[in-house]
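Below, each chain spelled out in residue letters.
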Amino acid sequence: MTEKEKYLRQLSPVDEVLELPALKDLISTYPRTVVVNAVRTVIDKLRKTILATKKEDELGEISLEPNDLVPLVSELIKEVMSPNLRRVINATGIVVHTNLGRSILAPLAVDAILSVASSYSNLEFDLDEGVRGSRHSHVEDLLCTLTGAEAAMVVNNNSGAVLLALSAIAQGKEVIISRGQLVEIGGSFRIPDVMRQSGAILKEVGTTNKTYLEDYRKAITEETALLLKVHTSNFRVVGFSAEVPLEDLVVLGEENSLLVMEDLGSGVLIDLSKYGLSHEPTVDESVKAGADIITFSGDKLLGGPQAGIIVGKKDLVDAIKKHPLARVLRVDKMTLAGLEETLRLYLDPAKAIKEIPTLNMILASFPELKKKAEKLAKKIKEKVGNEYSVEVIKDISRVGGGALPLEELPTAVAALSAKNLSASQLENKLRTANPPVIARVRDDMVLLDVRTIQPEEMGEIAGALAVL
Ligand SMILES: *Cc1c(COP(=O)(O)O)cnc(C)c1O
């Protein structure tokens, strides 16, 4: 028998490990199947390690003592039993970070979600009449007030809103769209592909940089149902370019009895140019311009939960509500609760800016951010001043989420470098800390952008660095 075979034979069977007092303790705390699987996995790994050894003296380094397996088993169990989807600290300065969950919600929205999640609700029940109600009713009036539209409804997300609207009003018909507006929205999903799923036939007109009203006019046939404008959320064609204003499409639509739809992408309810940002088309501007149907996201610049919002002419929205896909894409009660409270905040724009975190973070001023970064740097120095050097420097943060792509928001960051670690090693350690801290690396420094760091997270970051 080879030395390896001897080692393999000495491996403890699963049942024997489970008899250890330490394992009995684990079984009283965690589900038995989880503990048994962890023991099995650890023994399997040990077997593979033994098989992979090349020299006999490597075998001597492997402990077969059952008690030595306990810490490995216990660590594995903790990993399995802790949530996979969890809170992270966003220190990237990108406010609407799609990979980090886009918008964080206003406290009032969070309370509303908690309330309907833990109780029954009047989701589809008319409390005045005692009869079945519509889930759209909870936000429809608010959306109409805020946008000036005749009717409104909400679905799972904006891609769903586009798919549903086109399915209901343009299936099997031609839809005219500018080549300059064929947007890819990230994760390699392309809006034109979503649109084709509706059964609408896309007629692309113009060129990447220039499309004129004449291009739309010439493409109209008997089969045309709709003129479609898509807001080029995440990119801009600058320089030698031309896009047809929505107003002109509306006139062309009226002349030819065609509907006009606009996919606004992010969708904002207040004019951000009043606060020093570039102008981002607001939903009520599109309503005023005469679009029949407008779709936008709930969790981009709006700052609410993931949702797709459809507003427009009443007869069309009513038809969309009745389409079978409306059931497929329907929004859940928690989203509706969070969205309703977020929308209510917009009734007072000053309040919206103060209380909706997405808007609040985007509009934070440089002096305010500089103070915050200095506070973070001080906390870090107090905790770990010997191992790290930290300075406050000026930098740029981005809105993210495919909104306002050219906007450079001046920010202040705490720039960190470690005595014994490279910047990418430090970034990695922060990312795998608990809670994970997601930061940027530049010029061999880790940049912590305070724009997206919440006040209570400042101490946590300093604490995380102390135990790295
Ligand atoms: C983001 C975006 C979408 C997709 O919205 P989701 O809510 O992410 O599904 C569709 N169209 C445009 C123009 C967008 O910017």
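Because the structure is predicted, anything quoted here is derived from the model rather than measured. (Residues numbered from 1 in each chain as written. Predicted model: local features only at pLDDT ≥ 70, side-chain atom pairs only at ≥ 80, totals over all residues. Heavy atoms only, no water.)

1. Observations concerning the overall build of the protein chain
- The secondary structure content of the protein chain amounts to 21 helices and 15 strands.
- If one aligns the C-alpha atoms of the protein chain with their principal axes, the spans along those axes are about 90 × 50 × 50 Å.
- Sequence-distant contacts, at least 24 apart, represent 74% of the contacts inside the protein chain between residues at least 6 apart.
- Carbon together with sulfur atoms contributes 51% to the accessible area of the protein chain, which is approximately 23,300 Å² in total. (Helix = DSSP H or I, 4+ residues; strand = E, 2+ residues; numbered from the N terminus. Contact = heavy atoms within 4.5 Å. Areas by Shrake-Rupley, 256 points an atom, 1.4 Å probe, with all protein chains shown as cover.)

2. Concerning the site of the ligand
- Lining the immediate environment of the ligand, one finds 13 residues, of which Ser159, Ser233, Asp263, Ser297 and Lys300 sit closest.
- Contact with the protein chains removes 95% of the 380 Å² of surface that the ligand exposes when unbound.
- Listed by contribution, the elements that provide at least two residues to the shell around the ligand are α9 (158–170) and β8 (259–265).
- In terms of residue class, the shell around the ligand is made up of 3 nonpolar, 7 polar and 3 charged. (Near = heavy atom within 4 Å. Nonpolar A, V, L, I, M, F, W, Y, C, P; charged D, E, K, R; others polar.)

3. As for the domain arrangement of the protein chain
- Partitioning the protein chain into domains gives domain 1 (3–81), domain 2 (89–97 + 363–466) and domain 3 (107–355).
- The distance between the C-alpha centroids of domain 1 and domain 3 comes to 55 Å. (Domains from an automatic or database assignment.)

4. Focus: the sheet that holds β8
- Strand order in the open sheet made by the 7 strands is β4-β10-β9-β8-β7-β5-β6, with mixed pairing throughout. Every interior strand has two partners, whereas the edge strands, β4 (151–155) and β6 (201–205), have only one. Strand-to-strand twist in this sheet, taken as the mean axis angle between neighbours without regard to direction, amounts to 20°.
- On top of the sheet, helix α8 (residues 137–147) reaches β4, β9 (293–297) and β10 (308–312); it is set at about 120° to β4, its chief contact. (Pairing = 2+ DSSP bridges. Axes fitted to C-alpha atoms, helices over the stretch in contact; angles between N-to-C directions.)

5. Points about the pairing of strand β15 (residues 445–449)
- A large share of β15 lies buried, amounting to 5 of its 5 residues.
- Neither face of β15 is exposed, since Met445, Leu447 and Asp449 on one face and Val446 and Leu448 on the opposite face are all buried.
- Of the strand pairs in this sheet, strand β12 (residues 409–418) and β15 are connected by 4 bridges, and their pairing is antiparallel. Bridging from a neighbouring strand, Ala414 pairs with Leu448 of β15.
- Of the pairings in the sheet, the one linking strand β14 (residues 440–442) to β15 comprises 3 bridges and is antiparallel in character. Its bridge partner lying in β15, Arg440 is registered against Leu447.
- Counting the residues in the hairpin turn of β14 and β15 gives 2 residues, including Asp443, whose phi is positive at 50°. (Buried < 20%, exposed > 50% of the residue type's maximum accessible area, 1.4 Å probe, protein only.)

6. What about the pattern of salt bridges?
- Here the structure, examined in full by the defined rule, presents 31 salt bridges.
- Across the pair Glu124 and Arg330 runs a salt bridge whose closest N-O atoms are separated by 3.8 Å. Taken as a pair, Glu124 in the loop between α7 (107–118) and β2 (125–126) and Arg330 in the loop between α15 (324–328) and α16 (333–345) lie far apart in primary sequence, 206 residues in all.
- A salt bridge links Glu214 to Arg217, with the nearest nitrogen and oxygen atoms 2.9 Å apart. With a gap of 3 residues between them, Glu214 and Arg217 both fall in helix α11 (residues 213–219), about one helical turn apart.
- A residue is classified by how much of its surface remains accessible, and Arg217, at 35% relative accessible area, is partly exposed.
- Salt bridges linked by common partners bring Asp395, Arg440, Arg442, Asp443 and Asp449 together as one network. (Salt bridge = Lys/Arg side-chain N within 4 Å of Asp/Glu carboxyl O.)

7. What about the packing of aromatic side chains?
- Applying the stated criterion across every chain, the model contains 0 aromatic pairs.
- The ring of Phe240 has Lys210 sitting right over it, with the charged end atom 3.6 Å from the ring centre.
- Positioned over the ring face of Phe366 is Lys394, at 4.9 Å from the centre of the ring. (Phe/Tyr/Trp six-rings, centres within 6.5 Å; stacked < 30°, edge-to-face > 60°. Lys NZ or Arg CZ within 6 Å of the ring centre and 35° of its normal.)

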